[in-house]
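If you want the building blocks of each chain, they are given just below.
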Amino acid sequence: MKNSFAFIILKNGFVVFLLAFSIRSAAQIIPSTPKSDFWSKVQYGGGIGLSVGTGYTDISVAPGAIYNFNPFVAAGVGLQGSYLRVKGNYESYLYGGSLIGLFNPTEQIQLSAELEEVRVNTNFLLGDFSNNFWNTALFFGAGYRTQNVTIGARYNVLYQKNDLVYSDAFMPFVRVYF
């Protein structure tokens, strides 16, 4: 009895088994999609700045994020907010963004280039008027780096003596990225 009930069940069971085994085997040969390591190369942090002098105060906070292309080169973006005051003369608020490139020729040395575009809102205390404008700065800097912290100085190559944004082309910084 070729067509007996037991034979049909056995035959169909064998077909189901082969089909299931072939689907499982096919699933195992499909290559898995490699996981992106983009976020493992991103660091968050930024910089803070403080410049004081006789009757002069400049406080800035600049959060940012960088992407480490390799141990030597990183690039990123940032935001900036600053408060600037010259006693008895004017008070100014700055806000904007920046692009930064970092180069680490050694583990302890960090070189940087940063292009910054900020909106400046200045209130002059003498004469009771205001001045609002955009300012562009291009900083080149160098610093000593230890782990996630870099302490150094940067120089604004676009600085002009009558610049109402920065009192000097030279500016110290502390930059931290985690």
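Scroll up to find the structure this text is about.
Residues numbered from 1 in each chain as written. Predicted model: local features only at pLDDT ≥ 70, side-chain atom pairs only at ≥ 80, totals over all residues. Heavy atoms only, no water.

Trainee: Describe the overall build of the protein, with residues and values.
Mentor: Counting its regular elements, the protein contains one helix and eight strands. Order of helices (α) and strands (β) in the protein, N terminus to C terminus: α-β-β-β-β-β-β-β-β. Within the span of the protein, comprising 178 residues, buried residues form 30% of the whole. Contacts in the protein between residues at least 24 apart in sequence constitute 45% of all its contacts with a sequence separation of at least 6. Summing over all exposed atoms, the protein offers an accessible surface of approximately 11,900 Å²; the carbon and sulfur share of this is 67%. (Helix = DSSP H or I, 4+ residues; strand = E, 2+ residues; numbered from the N terminus. Buried < 20%, exposed > 50% of the residue type's maximum accessible area, 1.4 Å probe, protein only. Contact = heavy atoms within 4.5 Å. Areas by Shrake-Rupley, 256 points an atom, 1.4 Å probe, with all protein chains shown as cover.)

Trainee: I'd like a rundown of the sheet that holds strand S2 (residues 56–68), residues and numbers included.
Mentor: For sheets, the rule is that strands pair by backbone hydrogen bonds, running either parallel or antiparallel. Pairing within the closed barrel is antiparallel, and its eight strands lie in the order S1-S2-S3-S4-S5-S6-S7-S8. Pairwise comparison of adjacent strand axes, ignoring direction, gives a mean angle of 25 degrees for this sheet. (Pairing = 2+ DSSP bridges. Axes fitted to C-alpha atoms, helices over the stretch in contact; angles between N-to-C directions.)

Trainee: Tell me what's going on with the environment of Gly76, and back it up with residues and numbers.
Mentor: Tracing the chain through its elements places Gly76 in strand S3 (residues 73–86). Since its relative accessible area comes to 15%, Gly76 is described here as buried.

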